[in-house]
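Take a look at the letters that make up each chain.
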Amino acid sequence: MYSLLILQIQTILPSNVLEWSRQMPPFVWNISIAVNAIIIGLILKFITSRLLKAYANKENAYSFFRSFITHLSVPVTYFIPLLILKLAMPLMRMEKAYLIALDRVIGIMLIVSFSVLLIRAIRVLEDYIYHFYDLNKADNLKERKIRTQLKFLRKLLVAIIIFVTIALVLLSFESFRKIGTGLLTGVGIGGIIIGFAAQSSLGNLLAGLQLAFTQPIRIDDVLVVEGEWGRVEDITLTYVVLRIWDQRRLILPINYFIQKPFQNWTRISSDIIGTVFIYMDYSIPMEPLRAEFDRLLNQTLLWDNRVNVLQVTDAKEHTMEIRMLVSARNSSDAFDLRCFIREKLITFIQKNYPESLPKLRTDFSSQFAQLTSDKTPKPF
């Protein structure tokens, strides 16, 4: 193989260069080839980067070229010189054993750098898709769906690339190749033990695949899990991170969302209906209260103009229950809207109908009658 490559390269190179190379010591010649190959690779990388930066500077917002430079600049710096060095190796003059060993080392480095290049290329593709599916929208259901699938697929592809890279590196050594062949042919009890040990991990992986495509949850979904309210911050191959409203993080295994019930407030859309309960005395007039409720909704941007209901939903022993239904674009706005309505209505009642606040009535008429009857003078 090397002899054929050498013959092909020798037909391309001028005769004076070949004559000059034979006059140089092999060590110096090999060093010069390696240095020149690395320099040529760095020059090619520099030219490519400058061209991409020239295109990137023409765009103000998102730029595919800017993303390319950000993610691929470092791995390309190593990949191109290694590739040029790999192509120039047939020109080196050394013993075949050393040449094979050096070729194997450079091949392994080239495989690793190429795998890093592929992983970073996935990041470039991710940026490109994120640009078209922006989460900063009131109704971002489609964007969250795409991002959830993309996030899981990216992590799965990265895991596959790393696995294949390790396999290719190990298979480049004859001893590891024999060990791998022995492990594949001698499954037996060891294979059964490994199967049981990997059952949980495989279950999480399959649950992750099911989660990514059936999508009971998505990135930025609002969930109520284990009594906690929060948003889905991250979905990995094995667990889900829930960012709770007070900045805590709830970490749950990914198969939890396949096996156990939970609430998803943004499954179909982000809009939601909230409830406000107040308890008033029976003397409260309903029409002024309903008019004030309508006025408060019309003056706030938190309300989305869909649902506006005020009803007496229960009559208890001392108070009556007044329920208000309000709608908002998302759960965060709904919570703020509920607090706003509750505070303003209580203030309105305190100022205009303080006698209608909840009170405890006591009837003293029977006790007073009994007391007066006991004090009435008895006839002789």
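Residues numbered from 1 in each chain as written. Predicted model: local features only at pLDDT ≥ 70, side-chain atom pairs only at ≥ 80, totals over all residues. Heavy atoms only, no water.

Visitor: Is there a simple way to think about the side chain of D234 in this case?
Guide: Summarising the element assignment, D234 is placed in strand 2 (residues 228-235). Within the structure, the side chain of D234 is placed 2.9 Å from the side chain of K155, a separation counted as a polar contact. Every residue in contact with D234, bar those within four places of it in the chain, is listed here: K151, K155, I219, Y239, V240 and V241. (Helix = DSSP H or I, 4+ residues; strand = E, 2+ residues; numbered from the N terminus. Polar contact = N/O pair within 3.5 Å; in protein donor to acceptor, adjacent residues only side chain to side chain. Contact = heavy atoms within 4.5 Å.)

Visitor: Looking at this structure, I do not really get the confidence of the model for the chain. What am I missing?
Guide: Should the pLDDT be low somewhere, the predicted coordinates at that spot are not to be read in detail. Residues of the chain with pLDDT of at least 70 account for 71%, and the chain-wide mean is 76. Considering only residues more than four positions removed or in separate chains, one finds that residues 1-10, a stretch of pLDDT under 50, has nine contacts. Counting interchain partners and residues more than four positions distant, the pLDDT-below-50 stretch residues 180-194 has zero contacts. (pLDDT = per-residue confidence, 0-100.)

Visitor: I'm lost on the environment of P261 in this one. Help?
Guide: Its place among the elements puts P261 in the loop between helix 10 (256-259) and strand 5 (263-264). In sequence terms P261 and V224 are 37 residues apart; their C-alpha atoms lie 9.8 Å from each other.

Visitor: Just to check I follow, could you spell out the nonpolar core for this structure?
Guide: Looking at soluble globular proteins, one finds that nonpolar side chains tend to be buried together. I284, L289, F293, I322, M324 and I341 are the most contacted members of the largest nonpolar core, which totals 21 residues. Put simply, the parts of the chain that give this core at least two residues each are strand 6 (272-280), helix 11 (286-298), strand 8 (320-328) and helix 12 (331-352). The element contributing the most residues to this core is helix 12, with six residues. Not counting the four nearest positions on each side in its chain, M324 is found in contact with G274, T275, V276, I278, F293, V309, L310, I341 and L345. Counting residues in hydrophobic clusters, the runner-up holds 18 residues, among them L72, V76, M89 and L117. (Core = buried A, V, L, I, M, F, W, Y, C linked by side-chain atoms within 4.5 Å. Buried < 20%, exposed > 50% of the residue type's maximum accessible area, 1.4 Å probe, protein only.)

Visitor: How should the pattern of salt bridges be read in this particular structure?
Guide: Should their charged atoms come close, side chains of opposite charge can pair. Taken as a whole and assessed by the stated rule, the structure comprises 11 salt bridges. In this structure, D304 and R306 form a salt bridge, with 2.7 Å as the shortest nitrogen-oxygen distance. Look at D304 and you get buried, because its relative accessible area is 15%. The closest approach of N and O atoms between D314 and K316, which form a salt bridge, is 3.2 Å. You can call D314 partly exposed: its relative accessible area is 33%. Here K316 falls in the partly exposed class, since its relative accessible area comes to 37%. Taken together, the salt bridges that share partners define one network made up of E228, D246 and R248. (Salt bridge = Lys/Arg side-chain N within 4 Å of Asp/Glu carboxyl O.)

Visitor: Help me understand the packing of helix 11 against helix 12 in this model?
Guide: Helix-helix packing is characterised by the crossing angle of the two axes and by the distance between the axes. At a minimum axis distance of 10 Å, the contact between helix 11 and helix 12 shows a crossing angle of 140°. Judged on the interaxial angle alone, helix 12 and helix 11 are oblique. The handedness of the crossing between helix 11 and helix 12 comes out as right-handed. Touching P288, L289, E292, F293, L296 and L297 of helix 11 are L337, F340, I341, K344, L345, F348 and I349, all from helix 12. Its residues assigned to classes, the contact of helix 11 with helix 12 shows 11 nonpolar, no polar and two charged. (Axes fitted to C-alpha atoms, helices over the stretch in contact; angles between N-to-C directions. Parallel < 35°, antiparallel > 145°, perpendicular 65-115°, else oblique. Left-handed = near helix turned anticlockwise from the far one by under 90°. Nonpolar A, V, L, I, M, F, W, Y, C, P; charged D, E, K, R; others polar.)

Visitor: Would you mind showing me how to read the packing of aromatic side chains here?
Guide: Geometrically, a pair of aromatic rings is defined through the distance of the ring centres and the angle of the planes. Counted under the stated rule, the structure contains five aromatic pairs. Relative to F257, the ring of Y256 has its centre 5.4 Å away and its plane inclined at 75°; by these criteria the two rings are edge-to-face. Here the aromatic cluster, defined as three or more aromatic residues joined through ring pairs, consists of Y256, F257 and F262. (Phe/Tyr/Trp six-rings, centres within 6.5 Å; stacked < 30°, edge-to-face > 60°.)

Visitor: I'm lost on unusual backbone geometry in this one. Help?
Guide: A negative phi holds for most residues other than glycine; trans holds for most peptide bonds. Backbone geometry at D220 places phi at a positive 75°, although glycine is not the residue there. Structurally, the position occupied by D220 is in the loop between helix 9 (199-214) and strand 1 (222-225). The phi torsion at Q247 lies on the positive side, around 75°, for a residue other than glycine. Along the chain, Q247 falls in the loop between strand 3 (239-244) and strand 4 (249-253).

Visitor: Can you help me understand the sheet that holds strand 3 in this one?
Guide: Pairing between the strands of a sheet comes from backbone hydrogen bonds, and it takes one of two forms, parallel or antiparallel. Strand order in the open sheet made by the five strands is 4-3-2-1-5, with antiparallel pairing throughout. The sheet is open, and its two edges are formed by strand 4 and strand 5, each paired on a single side. (Pairing = 2+ DSSP bridges.)

Visitor: Please explain the environment of G227 as it appears in this structure.
Guide: Looking at the element boundaries, G227 is found in the loop between strand 1 and strand 2. Between the alpha carbons of G227 and Q263 there is a distance of 9.7 Å; along the sequence they are 36 residues apart.

Visitor: How should I be thinking about the pairing of strand 7 (residues 308-315) in this particular structure?
Guide: Summarising the sheet, strand 7 and strand 8 pair through seven bridges and their orientation is antiparallel. Residue pairing in the sheet places N308 in a bridge with V326 of strand 8. The turn joining strand 7 and strand 8, which pair antiparallel and follow one another in sequence, is formed by four residues.

Visitor: Just to check I follow, could you spell out the environment of D333 for this structure?
Guide: With respect to the helices and strands, the residue D333 is situated in helix 12. Once the C-alpha coordinates of D333 and L302 are considered, the two residues, 31 residues apart in sequence, prove to be 5.7 Å apart. Excluding anything up to four places from it in sequence, D333 contacts L302 and A328.

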